[in-house]
Amino acid sequence: MPPRSSPSAREIFLTFARIGASGFGGVNFWIRRVIIQEKRWITDEEYLEGLALGQIIPGPNVYNLSVMIGYRFAGVRGAFAAIAGLLGAPLAVMIGLGLLYQRFSAVPVLERALTGMTAVAAGLLLANAIGIAAALPRRFLPWFFLALAFVGTGVLRWPLLYVMGGLAPFAMATAWRKK
């Protein structure tokens, strides 16, 4: 269900600022939640296509996706608004936290709090992976290649470049044959 009207550059900035402030340590989950589920600016399929395209374009995929979304709705102003919103709050927080950490890094409770945050980050990553997996098509071969990539990198600890280099020709050949 598309939005009632295209968002303005200001609304794009405020939305991405909220995402940036919420997604400390990873905004992919929050972009999907806010842009697709709450705002309904794009669909799951458009999100996955943009994320895939963002992974092959130089730079961080989430920022590439943000530029694409901002540009789609408000042109160049929207692209800059999305990036400025996404980077503004985390940058301010990081500078503030860096100054505080420099002063209080030896406090034991701070060390334990930072250790506990890793579980939160892992939970957000898992929730995002499940949400993305639900939008993927239910066909055997893509999941088979995903499982092979997981076994190669996660279980056998082979370098990702070698695993992808080995699997990519077979995956492309299967996709090519279906068309």
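Above: the structure in question.
A brief report on the enclosed structure follows.

Cut-off values and rules
Residues numbered from 1 in each chain as written. Predicted model: local features only at pLDDT ≥ 70, side-chain atom pairs only at ≥ 80, totals over all residues. Heavy atoms only, no water. Axes fitted to C-alpha atoms, helices over the stretch in contact; angles between N-to-C directions. Helix = DSSP H or I, 4+ residues; strand = E, 2+ residues; numbered from the N terminus. Parallel < 35°, antiparallel > 145°, perpendicular 65-115°, else oblique. Left-handed = near helix turned anticlockwise from the far one by under 90°. Contact = heavy atoms within 4.5 Å. Nonpolar A, V, L, I, M, F, W, Y, C, P; charged D, E, K, R; others polar. Expected span 1.5 Å × (residues − 1). Bend = angle between axes of the 7 residues up to and from the residue. Buried < 20%, exposed > 50% of the residue type's maximum accessible area, 1.4 Å probe, protein only. Patch = residues over 30% accessible without salt bridge, like charges linked within 9 Å, V, L, I, M, F, W, Y side chains within 5 Å. Areas by Shrake-Rupley, 256 points an atom, 1.4 Å probe, with all protein chains shown as cover. Salt bridge = Lys/Arg side-chain N within 4 Å of Asp/Glu carboxyl O. Core = buried A, V, L, I, M, F, W, Y, C linked by side-chain atoms within 4.5 Å.

Contact pair helix α3 (residues 44-56) / helix α4 (residues 61-104): the axes reach a minimum separation of 8 Å and the direction vectors enclose 125 degrees. Considering the angle they form, α3 stands oblique to α4. Crossing of α3 against α4: the hand is right-handed. Seen from α3, the contacting residues are E46, Y47, G50, L51, L53, G54 and Q55; seen from α4, they are N61, N64, L65, M68 and R72. Among the residues forming the contact of α3 with α4, the class breakdown is 5 nonpolar, 5 polar and 2 charged.

A few words now on helix α7 (residues 160-178). A rise of 1.5 Å per residue sets the reference length of α7, with its 19 residues, at 27 Å; its end C-alpha atoms lie 26 Å apart and thus fit the reference within 8%. Along α7, the helix axis deviates most sharply at L167, where the bend reaches about 30 degrees; the proline P169 sits within four residues downstream. Those residues of α7 lying buried are V163, L167 and T174. Elements that come into contact with the buried residues of α7 comprise α6 (140-155).

At their nearest, the axes of helix α1 (residues 9-22) and α4 sit 7 Å apart, and the two run at 40 degrees to each other. By crossing handedness, the relation of α1 to α4 is classed as right-handed. Taken together, the residues of the contact of α1 with α4 sort by class into 16 nonpolar, 5 polar and 1 charged.

Attention now goes to a nonpolar patch on the surface. Among the surface-exposed residues, V93, M94, L97, L100, F104, V107 and V109 lie close enough to one another that they form a single nonpolar patch of about 600 Å² accessible area. If you tally residues by element for the nonpolar patch, the top one is α4, at 5 residues.

Before going further, it helps to examine the nonpolar core. Ranked by internal contacts, the top residues of the largest apolar core, which has 25 residues, are F16, I19, I31, I35, Y47 and I69. Contributions of two or more residues to this core are made by α1, α2 (28-38), α3, α4 and α5 (108-135). Ranked by the residues each element gives to this core, the list is headed by α4, at 7 residues. Sequence-distant contacts of I35, defined by excluding residues within four places in its chain, comprise T15, F16, I19, W30, R40, W41, I42 and I69.

Our focus in this paragraph is the pattern of salt bridges. One pass over the full model with this rule turns up 5 salt bridges. For R18, the salt bridge goes to E38, with nearest N and O atoms at 2.4 Å. Taken together, the residues span a long stretch of sequence, with R18 in helix α1 and E38 in helix α2 at a distance of 20 residues. Its relative accessible area of 37% is what places R18 among the partly exposed residues. With a relative accessible area of 42%, E38 lands in the partly exposed category. The partner of R72 in a salt bridge is E46, and the shortest N-O contact between them spans 3.2 Å. Here the residue R72 occupies a position in helix α4, and E46 occupies one in helix α3, the gap between them amounting to 26 residues. Residue classification places R72 among the partly exposed residues on the basis of a relative accessible area of 46%. Overall, E46 belongs to the partly exposed group, its relative accessible area being 30%. Beyond isolated ion pairs, a larger network of salt bridges with shared partners links R18, R33 and E38.

With that settled, the discussion passes to the environment of L91. Structurally, the position occupied by L91 is in helix α4. C-alpha separation for the pair L91 and R32, spaced 59 residues apart in sequence, amounts to 21 Å.

On the secondary structure map, S66 appears in helix α4. With sequence-adjacent residues up to four places away left out, S66 is seen in contact with F16, I31, A82, I83 and L86.

The values reported here are purely geometric and, on their own, carry no functional implication.
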